[in-house]
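# Summary of structural features
Okay, here's what each chain looks like letter by letter:
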Amino acid sequence: MNVSISINGETVSREVEPRTLLVHFIRDTPGLTGTHWGCDTSNCGACVVQIDGEPVKSCTTLAVMCEGHEVRTVESLEVDGKLDPIQLGFHETHALQCGFCTPGMLMTTRAFLDENPDPTELEIRTAISGAICRCTGYKNIVSAVQWAAAYEAAARQEV
């Protein structure tokens, strides 16, 4: 069946089997390899993308389910050479080591900060509880989200 999906603002079309997972469609069709394929069971969270602004695990989402929806991948965060505040936060607080979970964490936390611009530590930990990081112990990831929230709050006050 033919599927057309808007990915990062660009329509991507191809013939797929109905069972094709969104993670494979994203990686194989437009070649956006920032979305990582980890567990196929929705446990690790490395494959998180946003569908209509909501974080979704693409390893358990069928590509055909995304027709007519806007999919955003980690590649959409940087715009014209300018990193998203959550990317800056991860850099500033050393919130990554191997980087395998990072794309999913970035997409999860970007959606989270869009909904909750002033989160508590507990709210951050709850928001990222669906993702596994085997390297950092989460302390620096929580710090990165706090850093990004403060950065965005300061930017709002400047306006």
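Let me sum up the structure you'll find in this document. (Residues numbered from 1 in each chain as written. Predicted model: local features only at pLDDT ≥ 70, side-chain atom pairs only at ≥ 80, totals over all residues. Heavy atoms only, no water.)

## Comments concerning helix α3 (residues 102-115)
In this model, α3 (14 residues) spans 20 Å end to end at C-alpha, consistent with the 20 Å of a helix rising 1.5 Å per residue. Within α3, 12 of the 14 residues are buried, leaving the element largely enclosed by the surrounding structure. Among the residues of α3, T102, P103, G104, M105, L106, M107, T108, T109, R110, A111, F112 and L113 are the ones counted as buried. Of the surrounding secondary structure, the elements contacted by the buried residues of α3 are β3 (48-51), β4 (54-57), β5 (70-72), α2 (85-92), α4 (121-127) and α5 (139-158). (Helix = DSSP H or I, 4+ residues; strand = E, 2+ residues; numbered from the N terminus. Expected span 1.5 Å × (residues − 1). Buried < 20%, exposed > 50% of the residue type's maximum accessible area, 1.4 Å probe, protein only. Contact = heavy atoms within 4.5 Å.)

## Description of the packing of aromatic side chains
The full count for this structure, using the stated rule, is one aromatic pair. Between the aromatic rings of W147 and Y151, the centroid separation amounts to 5.1 Å while the plane-to-plane angle is 15°, which identifies the pairing as stacked. One end of the pair is W147 and the other is Y151, both in helix α5 and four residues apart, which spans about a single turn. Since its relative accessible area comes to 29%, W147 is described here as partly exposed. (Phe/Tyr/Trp six-rings, centres within 6.5 Å; stacked < 30°, edge-to-face > 60°.)

## Remarks on the nonpolar core
In a soluble, globular protein the nonpolar side chains are often hidden away together inside. One finds I86, F90, M105, L113 and I141 to be the most contacted residues of the largest nonpolar core, which totals 22 residues. Among the secondary structure elements, those contributing two or more residues to this core are α2, α3 and α5. At six residues, α5 tops the list of elements feeding residues into this core. V3, I5, I26 and V71 belong to the second largest nonpolar core, which has 14 residues in total. (Core = buried A, V, L, I, M, F, W, Y, C linked by side-chain atoms within 4.5 Å.)

## With respect to the side chain of D84
Among the secondary structure elements, D84 is positioned in the loop between β5 and α2. Apart from residues lying up to four places away in sequence, D84 is in contact with L77 and R110.

## Some thoughts on the sheet that holds β5
The strand order across the open sheet built from five strands is β2-β1-β5-β3-β4, with neighbouring strands paired in mixed fashion. On the outer flanks of this sheet lie β2 (10-15) and β4, each paired with one strand and no other. Geometrically, the sheet is characterised by an average inter-axis angle of 40° between neighbouring strands, direction not taken into account. The pairing of β3 with β4 spans four bridges and is antiparallel. The residue bridging Q50 from the neighbouring strand is P55, located in β4. (Pairing = 2+ DSSP bridges. Axes fitted to C-alpha atoms, helices over the stretch in contact; angles between N-to-C directions.)

## Regarding α2
When we look at burial in α2, the residues that qualify are P85, I86, Q87, G89 and F90. Residues of α2 that are buried sit in contact with α3 and α5. Two or three places before I86, at the opening of α2, D84 has a side-chain oxygen 2.9 Å from that residue's backbone nitrogen. Directly after α2, the chain includes H94, whose backbone phi takes a positive value near 55°. (Polar contact = N/O pair within 3.5 Å; in protein donor to acceptor, adjacent residues only side chain to side chain.)

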